[in-house]
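Each chain is listed here by its residues.
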Amino acid sequence: MMDFTLWDILRNLLIGLQWTLLLSLVAFVCGGIAGLLVLLARLSPLSAPRILARGYIELFQGTPLLMQLFLVFFGIALLGIDVSPWLAAACALTLFTSAFLAEIWRGCVESITRGQWEAAESLAMSRLETLRHVVLPQALRIAVAPTVGFSVQVVKGTAVTSIIGFTELTKTGSMLANATFEPFMVYGFVALGYFLLCYPLSLAAYRLERRLNVTA
Amino acid sequence: MAYQFDFAAVLQHSDLLLQGAAFTLGLTAIGTLLGVGLGIVGAILRAWRIRPFARIFGVYVELIRNTPFIVQLFFIFFGLPSLGVRLSEWEAAILAMVINLGAYSTEIIRAGIQAIPHGQLEAASALAMSRFETFRHVVLRPALGKVWPALSSQIIIVMLGSAVCSQISTEELSFAANFIQSRNFRAFETYLLTTALYLIMAIGIRQLLAWVGRRFIMGAR
């Protein structure tokens, strides 16, 4: 039996926090790239990719992140690949993030008025050119605030990966709570850690939203 | 060697799955009623800047919205006993859901209340409506009507989030799934069917809330 000083607890939680941060970044970047592909499918003039993208979004928005994690964790194992909690967590969170970002961005693209599309068409621009030069630059501006806002959900989502054994902040907290018999303090610190990551993002989203609304 | 799927091994426990699903729905129903109730109170205090409660609710909303649900749950279930507050796993799960939904619905409903034009309140007082009547017919129902879609989405998010309550041994749907896969070692099939059940429940709740909105809330303008 070893004794934990306050410093031991904080140091271990900081290590966990780093993994939370890293997983959030990976999920956000990979999810953003995948989300862009889902978005393009969702906006496609062909109906097959549109329906597929809609089903994809519906699936990930309508099921618990925990179940998505378990399915990826045990699903990759079925393929005969030895799966680490880190890989499963990164894959599942990427899928989850991509579905939500695609849906957020679709709302932004659809808020660009019809007239813009028609104007581009009358200039003989192709669909892709219209997207690239007319719609996306404007949609991107509108998308910044909700995208930053959603990053908070990604950071919070990483907490669930503790259940499949990925040692991030929550898992570190659970282990420390069991070892020290100080769950009140440890989970208080864990909550504080998430708050310190998320609150600046929330504030940034709120400020961006207000600033862009004023000028828009 | 190709993997042989065996869904029958899961389906023989379908009574456990359905019971778990019923518990999840029950948790969600209680959590929603109390959570939205808390949200209405918080929204009024915040929208009308009633001090010091507006401030207190402001801090509560930010604390809850910027921390994960599972940490809130663990804090309530494992942490509160240090203060002498010992809750059963059901009580802890419901309390966590109420506190979580309460914070989100405070902000959602507040946006609705603040979108009500001031002239509406003046019109109500010109019609000699009492404060309570004004609140009920002129403020609350139109406000709820405006934000009903956002509130519905949040309720579904809370239902899906309740899956992590299995971690404190609340016997809801994901607990049933964990139990079944520990018996038959068919983890993928078990979680696939469970996920499908969650999806059906999410779609069902969305339809139900849309109907409630059309029938009782949106029409009252």
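Given the structure is predicted, the values throughout are model-derived calculations rather than measurements.

Thresholds, definitions, all that
Here the residue numbering is sequential within each chain, running from 1 through the sequence in written order. Lettering of chains starts at A and numbering of ligands starts at 1, both following the order in which they are written. Two thresholds apply to this predicted model, a pLDDT of at least 70 for residue-level local features and 80 or more for giving and counting side-chain atom pairs, whereas whole-chain, interface and lining totals are computed over all residues. Only heavy atoms go into the side-chain values, all of them from the structure, while hydrogens and water stay out. The contact definition used throughout considers only heavy atoms, calling two residues in contact when any of these lie within 4.5 Å. A quick way to say it: buried area is the sum, across both parts, of accessible area lost when two parts are put together, with a 1.4 Å probe. For this analysis, a salt bridge means a side-chain nitrogen from Lys or Arg found within 4 Å of a carboxyl oxygen belonging to Asp or Glu. For this analysis, a polar contact is any N or O atom pair within 3.5 Å, provided that within protein one partner can donate a hydrogen and the other can accept it, and provided that sequence-adjacent residues contribute only side-chain to side-chain pairs. Helix and strand assignments follow DSSP, with helices taken as H or I runs no shorter than four residues and strands as E runs no shorter than two, numbered in order from the N terminus. Gly is put with the polar residues, along with every residue not named as nonpolar or charged; the nonpolar set is Ala, Val, Leu, Ile, Met, Phe, Trp, Tyr, Cys and Pro, and the charged set is Asp, Glu, Lys and Arg. What pLDDT expresses is the predictor's confidence in each residue, scored from 0 to 100. Fitted lines through C-alpha atoms serve as axes, helices being fitted only where they are in contact, and the angles separating the N-to-C directions of these axes extend from 0 to 180 degrees. Roughly parallel means an angle under 35 degrees; roughly antiparallel, over 145; roughly perpendicular, 65 to 115; everything else is oblique. Helix crossings are classified by the rotation of the near helix relative to the far one: an anticlockwise turn of less than a right angle makes the crossing left-handed, while a clockwise turn makes it right-handed.

Thoughts on the interface of chain B and chain A
Between chain B and chain A, the contact holds 36 residues from the first and 33 residues from the second. Taken together, both faces of the contact between chain B and chain A bury some 2900 Å²; the carbon and sulfur share is 79%. Where chain B meets chain A, there are one salt bridge. With a closest N to O distance of 2.7 Å, E58 of chain A and R206 of chain B form a salt bridge. Applying the counting criterion to the chain B and chain A interface returns four residue pairs in polar contact (both at pLDDT 80 or more). Taken together, the elements giving at least two residues each to the side of chain B that touches chain A come down to α3 (53-65), α4 (69-79), α8 (173-184) and α9 (187-218) of chain B. Sorting elements by how many residues they give to the side of chain B that touches chain A places α9 of chain B first, with eleven residues. Here the residues of the side of chain B that touches chain A sort into 23 nonpolar, ten polar and three charged.

A closer look at the confidence of the model for chain B
Averaged over chain B, the pLDDT score is 93; the fraction of residues at 70 or greater is 98%. No element of chain B has a lower mean pLDDT than helix α1 (residues 8-11) of chain B, which averages 86, and none a higher one than α4 of chain B, which averages 97.

A word on the packing of helix α3 (residues 65-78) of chain A against α9 of chain B
Relative orientation and spacing of two packed helices are given, respectively, by the angle between their axes and the distance between those axes. At their nearest, the axes of α3 of chain A and α9 of chain B sit 9 Å apart, and the two run at 150° to each other. Taken as axis vectors, α3 of chain A and α9 of chain B run roughly antiparallel relative to one another. Handedness of the α3 of chain A/α9 of chain B crossing: left-handed. Here M67, F70, L71, F74, G75 and L78 of chain A of α3 of chain A come into contact with α9 of chain B, specifically with A187, F188, Y191, L192, T194, T195 and Y198 of chain B. Class assignment of the residues belonging to the contact of α3 of chain A with α9 of chain B gives a composition of ten nonpolar, three polar and no charged.

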